[in-house]
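# Examination of the molecular architecture
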Amino acid sequence: SGEVRVPADRTIFPRTTGATATLVQKLGNAVKKAAESKSSSWWYTPHMATASRAIAERIPLVDIVLEVRDARVRINCLRRFQFQSSLVRISITSDQVPWSSRCALLKNLPLSSNRIIVLNKMDLANRLQLKEWMKYSEEQNCISYGVNSHNKENIKEFLNFLQARVKELKKIDDSSHTTTVMLVGIPNVGKSALANSLHLIGRTSPAEKGRLKHAVVSPQPGETKDISNLKIASHPNVYVLDTPGVLPPEILETEMCSKLALTGVIADSLVGESELAQYFLTILNLNDEYKDWEKLSTSESEGLLLDQKRGGSELKGSRKRQNPTDHTQDFVVRDVRRTLFQVISSFNRKLEDEEEMSLLIELQFRALQKAFHLPSESGEDAHTRVATKLLNLYRTGSLGHYTLDSIPG
């Protein structure tokens, strides 16, 4: 993709302030409270405990383990399970949550040239930070690979990489058995989407195309309930095992919990959409991503002047063909970006101050209500409606690319 260049005055890693710390503590405590509840339906449920045991039992039987992480937060979910597979150990990560989304089941696995970290959702992560994380992995003697499960060319390259690894390893272990790859990771890091994409790309013959299968994919965490297998390559045959997402049984640190909640690993209902949206706005306000939207404000002004000269007919006609209540439409996304840029740019106060940051966020919520074409009501319901739409745009990459974990040390 070429070298990534960022202006010297640009902030690429999230800064921490009093306002950020307060929100992190609030979100983290909410997650911990849910995790400590014996009746919790989200944190290390009996289903997750069963899935963890099933994964642990299969690990020694598979040839390759791919630990899938979110590239924005890289927490490890595989811990306490050591194994010697017949071919290779591979760990795959997602690029939005580089460290916070790692899998604890594999935490004690030693680093080796056969352990690969694959960063999924790399299209949602900051490109420069992703590059820094991959460099850091290399310094730790750990190979990493960035993946976008929805990019056909990227998946082809990754599949070719896997097949080359398998062929090289089969020179050492000259057996003809089918190679099995296991995907492991915490909930909602894209394991099933990756499995489906590898399956779709890998089964290229007309005969195989008619027998395509699909793993269940959902934006909601915890939808995969059982271990399923999909063929991803022939000559030699390679199958991938898609597994349910598992969280560690112990409580994670507060900041890690808040990052997992923001990226959708944990159900929004546990912590509240408004609180999560405030956390995102805090990160946005302290980051320089919004500066890229300055041209939207200028182009909008120029467009309005041009439209006035033409009698306003073109703009009215185009808006009539669009649905303003659908926040994913391009013109709504542009309105949201422009609104955020204008509110942040006109706020000339110290954002390190918790009260000032809270004031800015409140102004943003009010302005976004109009940008999202929501009724001009007030109260908790209005905040929640804005928050739900805002979180969706953040999680789909429409409001910039952020890596929430900084490089250790």
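Residues numbered from 1 in each chain as written. Predicted model: local features only at pLDDT ≥ 70, side-chain atom pairs only at ≥ 80, totals over all residues. Heavy atoms only, no water.

The chain is annotated in an unreviewed UniProt entry as G domain-containing protein of Escallonia herrerae.

Counting 89 residues, the largest nonpolar core has Leu262, Phe280, Leu284, Val336 and Phe372 as the members making the most contacts within it. Tallying contributions element by element places helix α11 (residues 330-345) first for this core, with 8 residues. Once residues lying within four places of it in the same chain are set aside, the contact partners of Phe372 are Pro324, His327, Val332, Val336, Val386, Lys389, Leu390 and Leu393. If you look at the next biggest cluster of nonpolar residues, it comprises 6 residues, including Ile117, Leu119, Leu130 and Cys142. (Core = buried A, V, L, I, M, F, W, Y, C linked by side-chain atoms within 4.5 Å. Buried < 20%, exposed > 50% of the residue type's maximum accessible area, 1.4 Å probe, protein only. Helix = DSSP H or I, 4+ residues; strand = E, 2+ residues; numbered from the N terminus. Contact = heavy atoms within 4.5 Å.)

Examined against the element boundaries, Glu294 turns out to sit in helix α9 (residues 294-309). Of the residues examined, Glu294 reaches a relative accessible area of 46% and is grouped as partly exposed. Considered as a pair, Glu294 and Phe341 are 47 residues apart in the sequence and their alpha carbons are 6.5 Å apart.

Here we come to the side chain of Thr403. Here Thr403 lies in the segment after α13 (380-395). Residue classification places Thr403 among the buried residues on the basis of a relative accessible area of 1%. Within polar-contact distance, the side chain of Thr403 engages the backbone nitrogen of Asn126 at 3.3 Å. Here the side chain of Thr403 touches Gln129 through a polar contact of 3.3 Å, side chain to side chain. (Polar contact = N/O pair within 3.5 Å; in protein donor to acceptor, adjacent residues only side chain to side chain.)

Moving on, we get to the packing of aromatic side chains. Under the criterion given, the structure shown has 8 aromatic pairs. When the centroid spacing of 5.8 Å and the interplanar angle of 85° are considered together, the rings of Phe280 and Tyr402 count as edge-to-face. With Phe280 in helix α8 (residues 273-285) and Tyr402 in the segment after α13, this pair connects stretches of sequence that are 122 residues apart. Between the aromatic rings of Tyr290 and Phe341, the centroid separation amounts to 6.2 Å while the plane-to-plane angle is 45°, which identifies the pairing as tilted. In this pair, Tyr290 sits in the loop between α8 and α9 while Phe341 sits in helix α11, placing the two residues 51 residues apart along the sequence. On the basis of relative accessibility, which here comes to 12%, the residue Tyr290 falls in the buried class. By the ring-pair criterion, three or more aromatic residues cluster together here, those being Tyr145, Phe158 and Phe161. (Phe/Tyr/Trp six-rings, centres within 6.5 Å; stacked < 30°, edge-to-face > 60°.)

Next up on the list: the pairing of strand β5 (residues 143-146). The sheet contact formed by strand β4 (residues 116-120) and β5 spans 4 bridges and is parallel. Pairing of Ile116 across the sheet is with Ile143, part of β5. Regarding topology, helix α3 (residues 127-139) serves as the crossover connection from β4 to the parallel β5, and that connection is right-handed. (Pairing = 2+ DSSP bridges. Right-handed = clockwise from strand over helix to strand, strands pointing away.)

One pass over the full model with this rule turns up 12 salt bridges. Where Glu275 meets Lys26, a salt bridge forms, and the shortest distance between an N and an O atom there is 3.8 Å. One end of the pair, Glu275, is in helix α8; the other, Lys26, is in helix α1 (residues 18-36), with 249 residues separating them in the sequence. We note a salt bridge from Lys121 to Asp70, for which the minimum N-O separation is 4.0 Å. (Salt bridge = Lys/Arg side-chain N within 4 Å of Asp/Glu carboxyl O.)

This part takes up unusual backbone geometry. Residue Pro236 is bonded to the preceding His235 through a cis peptide linkage, with omega at 5°. Looking at where Pro236 falls in the secondary structure, it is placed in the loop between β7 (228-233) and β8 (238-242). Not every positive phi belongs to a glycine, and His235 is a case in point at roughly 55°. By the element assignment, His235 lies in the loop between β7 and β8. The backbone of His373 sits at a positive phi, close to 60°, despite the residue not being glycine. Within the element layout of this structure, His373 appears in the loop between α12 (354-371) and α13.

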